[in-house]
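Descriptive analysis of the structure
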Amino acid sequence: MQIKFLGTGGAFDVDYLNSAALLELKEKTFLIDCGYTVYPTLVKKNLINKVEYILLTHLHNDHCGSLASLLLHKSIIEKTDRPVLLYTSEQFRMQIYDFLEIQLKDPDKYVEFVPLEQFEAIRCIDTFGQHVENFQTYAYIFEDDYRVVYSGDLGKPDSLFEKLEKLPHMPTCIFHDVTFDAENTGHTYYKKLLPYLNGYDMFGYHCDPTKTPEDCPVRLVFYQKELMA
Ligand SMILES: [Zn+2]
Ligand SMILES: [Zn+2]
């Protein structure tokens, strides 16, 4: 399994591009999130042809804003098979469908919707209401010979870690959203991750790395060259 980030910024950190990643697992390539900077980044880096499967953590624009452009590119420029969008629940599928329908008219022409359950190596953790009140979000867990956890946007990390602690032991690498602003309740203030640093390989993302406080022990994806596409 290999993960390469296409950006590590928060919604307004345009210099660091929207947080998103390409993950290779069992010879398939998954795009995790497709915010408003992702499509141009995939084109510039010549990686767009790699995208076969798409997973979305939630429907904020910095996580889905260029999805329609990506799908149109696949169909009109690349002329390849429709990518597969893995959905976590019927309700979330309908939300994604509605979001795409206004832009594409007939989303099924451009993307194939497949339930995530069909992929044993990936599971979703429902984090509803833990980023923004009454708003659907998901974290994802990928398993091969080790485990990769992608938090998505998450203000309250405790229930995700509770669930992780119940899983069979396996080396685990966690990519977790962080904020350096204690007032920001939509994202995880870095000090809330301190109790969980032992036992996991943890990297922070969805932030402006230049704002990292000196006492922050969480390594940032941005500074790990091998994690960047
Ligand atoms: Zn975000
Ligand atoms: Zn968000």
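To be clear, the structure that these remarks concern was listed above.
Calculation criteria
Numbering of residues starts from 1 in every chain and runs along the sequence as written. Chain letters and ligand numbers both follow the written order, the letters beginning at A and the numbers at 1. Residue-level local features of this predicted model are given only where pLDDT is at least 70; pairs of side-chain atoms are given and counted only at 80 or more, and the full residue set underlies all totals for whole chains, interfaces and linings. The side-chain figures draw on all heavy atoms in the structure; neither hydrogens nor water molecules are used. Numbering of helices and strands runs from the N terminus, with a helix taken as a DSSP run of H or I at least four residues long and a strand as a DSSP run of E at least two residues long. Exposure classes here rest on a 1.4 Å probe applied to the protein chains alone. A residue is buried below 20% of its type maximum, exposed above 50%, and partly exposed in between. In this charge count, Lys and Arg are treated as positive and Asp and Glu as negative; neither His nor the chain ends contribute. Salt bridges, as used here, are contacts in which a Lys or Arg side-chain nitrogen is within 4 Å of a carboxyl oxygen on Asp or Glu. N or O atoms within 3.5 Å of each other form a polar contact, as long as, within protein, one can give a hydrogen and the other can take it, and as long as residues adjacent in sequence are counted only when both atoms are side-chain atoms. Any pair of residues with heavy atoms lying within 4.5 Å of one another is described as a contacting pair. Coordination shells were defined by N, O and S atoms within 2.8 Å of each metal, extended to 3.2 Å for Na, K and Ca; water is absent from the atom set, which can make sites look incomplete. A site with four donors is called tetrahedral when every donor-metal-donor angle falls between 85 and 135 degrees; four donors are called square planar, and six octahedral, when opposite donors sit more than 155 degrees apart and all other angles fall between 65 and 115; any other arrangement is irregular. Criterion used throughout: strands pair if DSSP finds at least two bridges between them.

**Structural notes on the side chain of D177**
Mapping D177 onto the fold places it in strand 10 (residues 172–177). No salt bridge is formed by the buried D177. Its closest oppositely charged neighbour is K192, at 9.2 Å. At 2.5 Å, the side chain of D177 and the side chain of H187 are in polar contact. Those residues within four positions of D177 in sequence are excluded, and the remaining contacts are S151, G152, D153, L154, G186, H187, T188, L193, Y205 and H206.

**As for the coordination of the zinc ion (ligand 1)**
For the zinc ion (ligand 1), the full set of protein donor atoms is D62 (OD), H63 (NE2), D153 (OD) and H206 (NE2), at a range of 2.1 to 2.2 Å. Angles of 89 to 164° at the metal separate the four donor atoms of the zinc ion (ligand 1), which places the site in the irregular class. Taken in chain order, the donor set of the zinc ion (ligand 1) reads D-H-x89-D-x52-H. The distance between the zinc ion (ligand 1) and the zinc ion (ligand 2) is 3.5 Å, with D153 acting as a donor to both metals. With D62 in helix 2 (residues 61–64) and D153 in the loop between strand 9 (147–150) and helix 5 (158–166), this pair connects stretches of sequence that are 91 residues apart. With relative accessibility at 5%, the residue D62 sits in the buried group. We classify D153 as buried; its relative accessible area is 2%.

**A few points about unusual backbone geometry**
With a phi close to 60°, L17 is a non-glycine residue in the positive phi region. Mapped onto the elements, L17 comes out in the loop between strand 1 (2–7) and strand 2 (20–25). Its relative accessible area of 27% is what places L17 among the partly exposed residues. Phi at K79 takes a positive value of approximately 55°, unusual for a residue other than glycine. The topology assignment puts K79 in the loop between helix 3 (67–78) and strand 5 (84–87).

**Observations concerning the sheet that holds strand 12 (residues 219–220)**
Reading across the sheet, the six strands line up as 7-8-9-10-11-12 and stay open at both edges, with mixed pairing between neighbours. Of all strands in the sheet, those with a lone pairing partner are strand 7 (122–126) and strand 12, marking the two edges. Examined bridge by bridge, strand 9 and strand 10 share four bridges and lie parallel to one another. Each bridged residue has a counterpart across the sheet, and for V148 the counterpart in strand 10 is C173.

**So, the coordination of the zinc ion (ligand 2)**
Here the zinc ion (ligand 2) is held by H58 (NE2), H60 (ND1), H131 (NE2) and D153 (OD), and the distances to it run 2.2 to 2.4 Å. Coordination at the zinc ion (ligand 2) is irregular: its four donor atoms span angles of 89 to 169° at the metal. Each donor residue of the zinc ion (ligand 2) belongs to the same chain, with the gaps between them written as H-x1-H-x70-H-x21-D. Residue H60 is classed as partly exposed on the basis of its relative accessible area, which comes to 26%.

In short, the description is geometric, and any link to function would need to be established separately.
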